[in-house]
Amino acid sequence: GGGAQVPGMVAKKTGQKSPRGEGQAKSSPGSRGASPSSRGSKISEEKGVMSQLLGASLVFNILLAVLVAYLIGTSPSGVSPPVAVTEGAVPPWPIFRVVVGLGDLLFSIARATNPPQVQMIGLATEYEKSGVTYAFSKLGLADYLKQKQMTCTELAKEAALYEEYLCRFMLASEKIGLVKKGGDGKWLTTGLGELLEADRPDSKKYFIQYLNEEPREAFYSLTTAIKEGKSGFMVKFGDEHFPWYEKNSPEGSKQFDKAMQGLTVDSGMAIIQEVDYSQSKMFCDIGGGNGANMAIVLKHYPKLKGKVVDLGYVVKQGKQMLENAGVLDRAGLVEADFFKSFPDEVKECDTYFMKHILHDWNDEQSITILKNMAATMNSGDQVVIAEQVLGFAGNEMEVAKHLMDMLMLSICPPGAKERSIPQYTELLEAAGLKFYKFLPTRSIYGVVIGIKP
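None of these values were measured; they are calculated from a predicted model. (Residues numbered from 1 in each chain as written. Predicted model: local features only at pLDDT ≥ 70, side-chain atom pairs only at ≥ 80, totals over all residues. Heavy atoms only, no water.)

**Q** How should the pattern of salt bridges be read in this particular structure?
**A** Side chains that differ in sign of charge can pair as their charged atoms come close. Scanning all chains against the criterion turns up 15 salt bridges. Across the pair Asp239 and Lys247 runs a salt bridge, and its minimum N-O distance is 3.0 Å. The partner of Lys254 in a salt bridge is Glu251, with the nearest N and O atoms 3.8 Å apart. Placement of both Lys254 and Glu251 in helix 14 (residues 250–272) is noted, with a separation of three residues, approximately one turn of the helix. (Salt bridge = Lys/Arg side-chain N within 4 Å of Asp/Glu carboxyl O. Helix = DSSP H or I, 4+ residues; strand = E, 2+ residues; numbered from the N terminus.)

Pasting the structure below:
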């Protein structure tokens, strides 16, 4: 049709080769046919990228070394009791701080990246995890699985439970980390689930059960409590926590004591690795319950003597605990009400220890307790207050502390609360004592130490 011919087509017809070779496209800069100058340019770019990566790696390593040096250099040294802590030993301070820091980072990332709708569903259903854990504990499943690993069918038969429901329940328990299934299809408890075994010194079985019974009902009365300025326990049960249990539920009181004992093993081990009692001669645990903390302290300080000071029906439980720990010969049991004057026996103390005591009471009541102690103290004696002190730990721990503060609002008389270091300092000064120092621990607890001027 008279149209122009493509050069390649002419070559085919005439048998001549195209100047560029038959069907060969013009070389691109990145092809084998690239000019020496373009190849050199690419090599230079690659060297530049490698140099930047090496530089970034060097900067990262330097920053990491600085961070590690900072953590080591600024970490508390802790103390070493005369008898080394083995059971319940906590990680070195730098490692603990790194782990807490990573936890806070992941916590912040999860909060920043999860849509509000997802977060709200999580908040609305969080109680379900506690409910599953409570049922797991109440049914005694950890104790059954401690004896032997079992299939769902075997466990249902052993515990006399409805098999279909139990099998679904075990799957839910697996999802929250209480159990896992072995290769043979049999269930076994995880390290977390083992904490619900009844006979462990650090068992959380009774703590889970306690929180999910009357205190949960009191917590659900939080709305009315906030409106009326009453405790949730008073709203729900018509009386405050401790009097109600004493009058209405002796078994509930025993469960509370066991719950506190399970927590004391962890907290006591953490505290004893930060507070030095080597100069003390008489350690008195005010509101010391059944003596679980006293047993820990005297076990690690073989020359130290102590007294558990609490209400009569409480301290009677301590004799067996102290005898089992092998420290009864160095421990006395003193009946006393810390809202009244202490008996003369308490004047022998030079260290007055309180854990989970002042957070149960309002400021006025807390000052009364401290004043009664101050009246028996000599100049230079110390008061050691171990609580979930607000404002010194990472995000996750602070969340837990403020939720504990809501529990105090729910189950204790009005004014009971978790406090900050300045608030504890004010209480000490109002009682005629002086703030000495604050010690963080490798746990959720902090220790405020005051002295008698």
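**Q** Looking at this structure, I do not really get a nonpolar patch on the surface. What am I missing?
**A** Taken together, the side chains of Val98, Leu102, Leu105, Leu106 and Ile109 define a hydrophobic patch exposed on the protein surface, amounting to about 450 Å² of accessible area. Note that Val98 resides in helix 3 (residues 93–113). Residue classification places Val98 among the partly exposed residues on the basis of a relative accessible area of 36%. (Patch = residues over 30% accessible without salt bridge, like charges linked within 9 Å, V, L, I, M, F, W, Y side chains within 5 Å. Areas by Shrake-Rupley, 256 points an atom, 1.4 Å probe, with all protein chains shown as cover. Buried < 20%, exposed > 50% of the residue type's maximum accessible area, 1.4 Å probe, protein only.)

**Q** Is there a simple way to think about the sheet that holds strand 3 (residues 282–286) in this case?
**A** Remark on secondary structure: sheet strands pair via backbone hydrogen bonds, oriented parallel or antiparallel. Read from one edge to the other, the open sheet built from seven strands follows the order 5-4-3-6-7-9-8, with strand pairing classed as mixed. Each having just a single partner strand, strand 5 (331–335) and strand 8 (434–440) make up the two edges of the open sheet. Strand-to-strand, the axes of this sheet are offset by a mean angle of 20°, without reference to chain direction. Pairing between strand 3 and strand 6 (residues 351–355): three bridges, direction parallel. Note that in strand 6 the partner of Asp285 across the bridge is Phe353. (Pairing = 2+ DSSP bridges. Axes fitted to C-alpha atoms, helices over the stretch in contact; angles between N-to-C directions.)

**Q** Help me out: how do you make sense of the packing of aromatic side chains in this one?
**A** How two aromatic rings sit relative to each other is set out by the distance from centre to centre and by the angle between their planes. If you walk through the whole model with that rule in mind, you get 19 aromatic pairs. A ring pair is formed by Phe233 and Tyr245, whose centres lie 5.9 Å apart and whose planes are at 40°; its orientation type is tilted. Within this pair, whereas Phe233 is found in helix 12 (residues 232–237), its partner Tyr245 is found in helix 13 (residues 241–248), the two being separated by twelve residues in sequence. Just as Phe233 is buried, Tyr245 falls in that class too. Seen from their ring centres, Phe237 and Trp244 are 5.0 Å apart, and the 45° between their planes marks the pair as tilted. Judged by its relative accessible area of 22%, Phe237 is partly exposed. Grouping aromatic residues by their ring pairs yields a cluster made of Tyr210, Phe233, Phe237, Phe242, Trp244, Tyr245, Phe256, Phe338, Phe339 and Trp361. (Phe/Tyr/Trp six-rings, centres within 6.5 Å; stacked < 30°, edge-to-face > 60°.)

**Q** Explanation requested: the nonpolar core in the structure shown.
**A** Considering soluble globular proteins, one finds that nonpolar side chains tend to be buried as a cluster. Counting residues in hydrophobic clusters, the biggest one holds 31 residues, and the most contacted among them are Ile286, Met354, Leu370, Met373, Val383 and Ile385. Counting only elements with at least two residues in this core, the list comes to strand 3, strand 6, helix 18 (363–374), strand 7 (382–387) and helix 20 (421–430). For this core, the element with the most residues is helix 18, which contributes five residues. Once residues within four sequence positions are removed from consideration, Val383 is found in contact with Tyr352, Met354, Leu370, Met373, Met377, Leu428, Leu433, Val448, Ile449 and Gly450. Counting residues in hydrophobic clusters, the runner-up holds 25 residues, among them Val275, Tyr277, Val297 and Val384. (Core = buried A, V, L, I, M, F, W, Y, C linked by side-chain atoms within 4.5 Å. Contact = heavy atoms within 4.5 Å.)

**Q** Help me understand the side chain of Thr133, please; the structure alone is not making it clear to me.
**A** Note on placement: Thr133 falls in helix 4 (residues 116–138). What Thr133 contacts, discounting residues up to four positions off in sequence, is Ile176, Leu178, Leu196 and Ile208.

**Q** Please explain the packing of helix 13 against helix 14 as it appears in this structure.
**A** Angle between the axes and distance between the axes: these two values describe a pair of packed helices. Running from amino to carboxyl end, helix 13 crosses helix 14 at an angle of 125°, the nearest separation of the two axes being 6 Å. In terms of orientation, helix 13 and helix 14 fall into the oblique class. Every residue of helix 14 that contacts helix 13 at His241, Phe242, Tyr245, Glu246 and Asn248 is listed here: Pro250, Gly252, Ser253 and Phe256. Of the residues in the contact of helix 13 with helix 14, the class split is four nonpolar, four polar and one charged. (Parallel < 35°, antiparallel > 145°, perpendicular 65-115°, else oblique. Nonpolar A, V, L, I, M, F, W, Y, C, P; charged D, E, K, R; others polar.)

**Q** Before we go on, may I ask you to explain the state of the cysteines in this structure?
**A** The bond known as a disulfide is covalent and runs between the sulfur atoms of two cysteines. Evaluated as defined, the whole model comprises two disulfides. Here Cys152 connects covalently by a disulfide to Cys167, the sulfurs 1.9 Å from one another. As the torsion about the S-S bond is roughly -115°, the Cys152-Cys167 disulfide counts as left-handed. Of this pair, Cys152 sits in helix 6 (residues 152–159) while Cys167 sits in helix 7 (residues 163–175), placing them 15 residues apart in sequence. Take Cys167: its relative accessible area is 25%, and that puts it in the partly exposed class. Within the protein, bonded cysteines paired by disulfides and numbered along the sequence follow the pattern 1-2, 3-4. (Disulfide = S-S within 2.5 Å.)

**Q** In this structure, what is going on with the confidence of the model for the protein? I would like to understand it.
**A** Atom-level detail of predicted coordinates should not be read off regions where pLDDT is low. Within the protein, residue pLDDT values average 89, and 88% of them lie at 70 or more. Note that residues 1–32 has pLDDT below 50 and, in this model, eleven contacts with residues that lie over four places away or in other chains. (pLDDT = per-residue confidence, 0-100.)

**Q** I'm lost on helix 15 (residues 292–300) in this one. Help?
**A** Since one α-helical turn is 3.6 residues long, residues separated by three or four positions face the same way. When you tally the buried positions in helix 15, you get eight out of nine residues, the bulk of the element. Turning to helix 15, its buried residues are Ala292, Asn293, Met294, Ala295, Ile296, Val297, Leu298 and His300. Looking at the packing, one finds that the buried side of helix 15 touches helix 14, strand 3, strand 4 (305–310), helix 17 (318–324), strand 5 and strand 6.

**Q** Would you mind going over the pairing of strand 3 with me for this structure?
**A** Along a regular strand, successive side chains alternate from one face of the sheet to the other. In terms of residue burial, strand 3 counts as a mostly covered element, since five of its five residues are buried. What you see with strand 3 is no split at all: Met282, Cys284 and Ile286 on one side and Phe283 and Asp285 on the other are buried throughout. As paired strands, strand 3 and strand 4 are joined by five bridges and run parallel to one another. Bridging across to strand 4, Ile286 finds its partner in Val309. At this point the chain moves from strand 3, through helix 15, to the parallel strand 4, and the crossover so formed is right-handed. (Right-handed = clockwise from strand over helix to strand, strands pointing away.)

**Q** So what exactly am I meant to see when it comes to the side chain of Thr441 here?
**A** Structurally, the position occupied by Thr441 is in the loop between strand 8 and strand 9 (446–451). One polar contact links Thr441 to Ser443, side chain to side chain, over a distance of 2.6 Å. Separated by 2.6 Å, the side chain of Thr441 and the backbone oxygen of Tyr445 make a polar contact. In contact with Thr441, not counting residues within four places along its chain, are Trp93, Phe96, Ala270, Ile271, Glu274, Phe392 and Val447. (Polar contact = N/O pair within 3.5 Å; in protein donor to acceptor, adjacent residues only side chain to side chain.)

**Q** Got a minute to help me understand unusual backbone geometry in this structure?
**A** Where the residue is not glycine, phi is negative for most of them; where a peptide bond is considered, it is trans in most cases. The phi angle at Ala160 is positive, at roughly 55°, despite the residue not being glycine. Note on Ala160: relative accessible area 66%, which makes it exposed.

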